[in-house]
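Here is how the chains run, residue by residue.
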Amino acid sequence: MTRLGFALVFVLAGVTACAPPPPQLGADGKPLPRVYRITNEAEVTFRMLDGVNALRDAAGVQRLTLNAQLTAAAETHARDMSRQNRPWHFGSDGSSPLQRVARSGYPGLFKGELISETYETELETLAAWMEEKGGRDVLLDPQARDIGFAWFQEPTGRLWWVLNTGAPDQAAQVQN
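Remember, it's a predicted structure, so these values are computed and weren't measured experimentally.

(A) Molecular detail of the packing of aromatic side chains. Per the stated rule, a full pass over the model turns up three aromatic pairs. Look at Phe149 and Trp151: their rings are 5.6 Å apart centre to centre, the planes differ by 45°, and that puts the pair in the tilted class. Look at Phe149 and you get buried, because its relative accessible area is 3%. Take Trp151: its relative accessible area is 13%, and that puts it in the buried class. Seen from their ring centres, Phe149 and Trp161 are 5.6 Å apart, and the 10° between their planes marks the pair as stacked. Here the residue Phe149 occupies a position in strand S3 (residues 146-153), and Trp161 occupies one in strand S4 (residues 159-167), the gap between them amounting to 12 residues. Taken together, the ring pairs in this structure connect Phe149, Trp151 and Trp161 into an aromatic cluster.

Here it is, written out as structure tokens:
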């Protein structure tokens, strides 16, 4: 009986050690955001790409391909939003998403930009974008073929996410 009691205590201690810690509460009584630290940038990029393409597959639209120029425009804007300390579509130099994508050298047509400021993961951010009609429209645009995705993480853990979509310029393709 003593061995059984000891084993039961050991098992219960192990189970309670697996339980997540209770959330810390802020001054407003709401749970404080947990900090998501990005440690493997390639994994984050491909989880977002796979997530977007899974949504597009389910909607019956063509998959997107990662594009370096759209990603460069997204990266520049993610850092700029952090400097400005606000999530919005205009750069500190007054640039629009269309202008930033053109500056990056993207040869196609800019289709849309999604932004977010959060402590959440890339897939939680994708889910939030899908909850809004405007976000769904950008992610599931049947004309889009290319995607650029980037983020900037501040030392506090705060994340600034940017996703750009584009489509090949049909006129440019015919001329080439």
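(B) Seen up close, the side chain of Arg100. Along the chain, the position of Arg100 falls in helix H4 (residues 97-103). Among the residues examined, Arg100 registers a relative accessible area of 7% and is labelled buried. At 2.9 Å, the side chain of Arg100 and the backbone oxygen of His89 are in polar contact. With near-sequence residues (within four places) excluded, Arg100 lies in contact with Ala73, His77, His89, Phe90, Gly91, Ser95 and Glu113.

(C) Local environment of the confidence of the model for the protein. Looking at the protein as a whole, the pLDDT averages 84, with 80% of positions reaching at least 70. The low-confidence segment residues 171-176 (pLDDT under 50) makes one contact with residues lying over four places distant or belonging to another chain.

(D) Structural detail: the pattern of salt bridges. Following the criterion strictly, the structure yields nine salt bridges and no others. Put simply, Arg63 and Asp57 hold a salt bridge, and the shortest N to O gap is 3.0 Å. Owing to a relative accessible area of 41%, Asp57 belongs among the partly exposed residues under this scheme.

(E) Fine view of the pairing of S3. Buried residues dominate S3, accounting for eight of its eight residues. Residues Asp146, Gly148, Ala150 and Phe152 line one face of S3 and the alternating positions Ile147, Phe149, Trp151 and Gln153 line the opposite face, and both faces are buried. Taken together, the two bridges between strand S1 (residues 65-66) and S3 define a ladder with parallel strand orientation. By the bridge assignment, Leu66 is partnered in S3 with Ile147. Pairing between S3 and S4: eight bridges, direction antiparallel. When the sheet's bridge partners are listed, Gln153 is paired in S4 with Leu159.

Parameters at a glance
- Residues numbered from 1 in each chain as written.
- Predicted model: local features only at pLDDT ≥ 70, side-chain atom pairs only at ≥ 80, totals over all residues.
- Heavy atoms only, no water.
- Phe/Tyr/Trp six-rings, centres within 6.5 Å; stacked < 30°, edge-to-face > 60°.
- Buried < 20%, exposed > 50% of the residue type's maximum accessible area, 1.4 Å probe, protein only.
- Helix = DSSP H or I, 4+ residues; strand = E, 2+ residues; numbered from the N terminus.
- Polar contact = N/O pair within 3.5 Å; in protein donor to acceptor, adjacent residues only side chain to side chain.
- Contact = heavy atoms within 4.5 Å.
- pLDDT = per-residue confidence, 0-100.
- Salt bridge = Lys/Arg side-chain N within 4 Å of Asp/Glu carboxyl O.
- Pairing = 2+ DSSP bridges.

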